[in-house]
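# Observations on chain architecture
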Amino acid sequence: QVQLVESGGGLVQPGGSLRLSCAVSGTVFRINDMAWYRQTPGKERELVALITTGSETHYADSVKGRFTISRDNAKNTLYLQMNSLKPEDTAIFYCHGRPLGTLLDYWGQGTQVTVSS
């Protein structure tokens, strides 16, 4: 059974930093394209950052220069370093995985990030 477990969310002041982690099991992590999405009430889930199996990265315009996605294939873990956080970054952040050559979607349960003074 594939499991994605996020951690690292919480409450942070504007301008602060958080690092999210996503521990993956039940699938061969290194053959999955991985991503972070986020969602706020009443809005669709949106892509924040993506990292391919070859470690190519893509970011939403709203987070470029502030967020960094990375992966550690030895630890089966995905990361999202978030700096210069803004109130509009407040959302539930979800980890997502898709094995190469498939249309399978693996999701974590989400972790809440709240940016507020």
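Residues numbered from 1 in each chain as written. Predicted model: local features only at pLDDT ≥ 70, side-chain atom pairs only at ≥ 80, totals over all residues. Heavy atoms only, no water.

Further remarks concern the state of the cysteines. Inspection of every chain in the model, using the stated rule, returns one disulfide. Covalent S-S linkage joins Cys22 and Cys95, the inter-sulfur distance amounting to 2.1 Å. Measuring handedness by torsion sign, the sulfur bridge of Cys22 and Cys95 sits at about -80° and is left-handed. Taken as a pair, Cys22 in strand 3 (residues 18–25) and Cys95 in strand 9 (residues 91–99) lie far apart in primary sequence, 73 residues in all. Grouping residues by exposure puts Cys22 and Cys95 together as buried. (Disulfide = S-S within 2.5 Å. Helix = DSSP H or I, 4+ residues; strand = E, 2+ residues; numbered from the N terminus. Buried < 20%, exposed > 50% of the residue type's maximum accessible area, 1.4 Å probe, protein only.)

Moving on, we come to the pairing of strand 4 (residues 32–39). Across eight bridges, strand 4 lies against strand 9 in antiparallel orientation. Bridging from a neighbouring strand, Trp36 pairs with Cys95 of strand 9. Relative to strand 5 (residues 46–51), strand 4 is paired through five bridges, and the arrangement is antiparallel. By the bridge assignment, Arg38 is partnered in strand 5 with Glu46. Joining the antiparallel neighbours strand 4 and strand 5 is a turn of six residues, in which Gly42 adopts a positive phi near 80°. (Pairing = 2+ DSSP bridges.)

Given two aromatic rings, one states the distance between the centres and the angle between the planes to describe the pair. Applying the stated criterion to the full structure yields two aromatic pairs. Their ring planes at 65° and their centres at 5.0 Å tell us that Tyr37 and Trp107 sit as a pair that is edge-to-face. With Tyr37 in strand 4 and Trp107 in strand 10 (residues 106–107), this pair connects stretches of sequence that are 70 residues apart. You can call Trp107 partly exposed: its relative accessible area is 35%. Judged by centre distance (6.5 Å) and plane angle (90°), the rings of Tyr94 and Trp107 are edge-to-face. Here Trp107 lies in strand 10 and Tyr94 lies in strand 9, a separation of 13 residues in the sequence. By relative accessible area, which is 11% here, Tyr94 ends up buried. What links up through ring pairs into an aromatic cluster is the set Tyr37, Tyr94 and Trp107. Its guanidinium or amino end placed over the ring of Trp107, Arg45 lies 4.6 Å from that ring's centre, counting from NZ or CZ. (Phe/Tyr/Trp six-rings, centres within 6.5 Å; stacked < 30°, edge-to-face > 60°. Lys NZ or Arg CZ within 6 Å of the ring centre and 35° of its normal.)

Shape descriptors only; they carry no functional weight alone.
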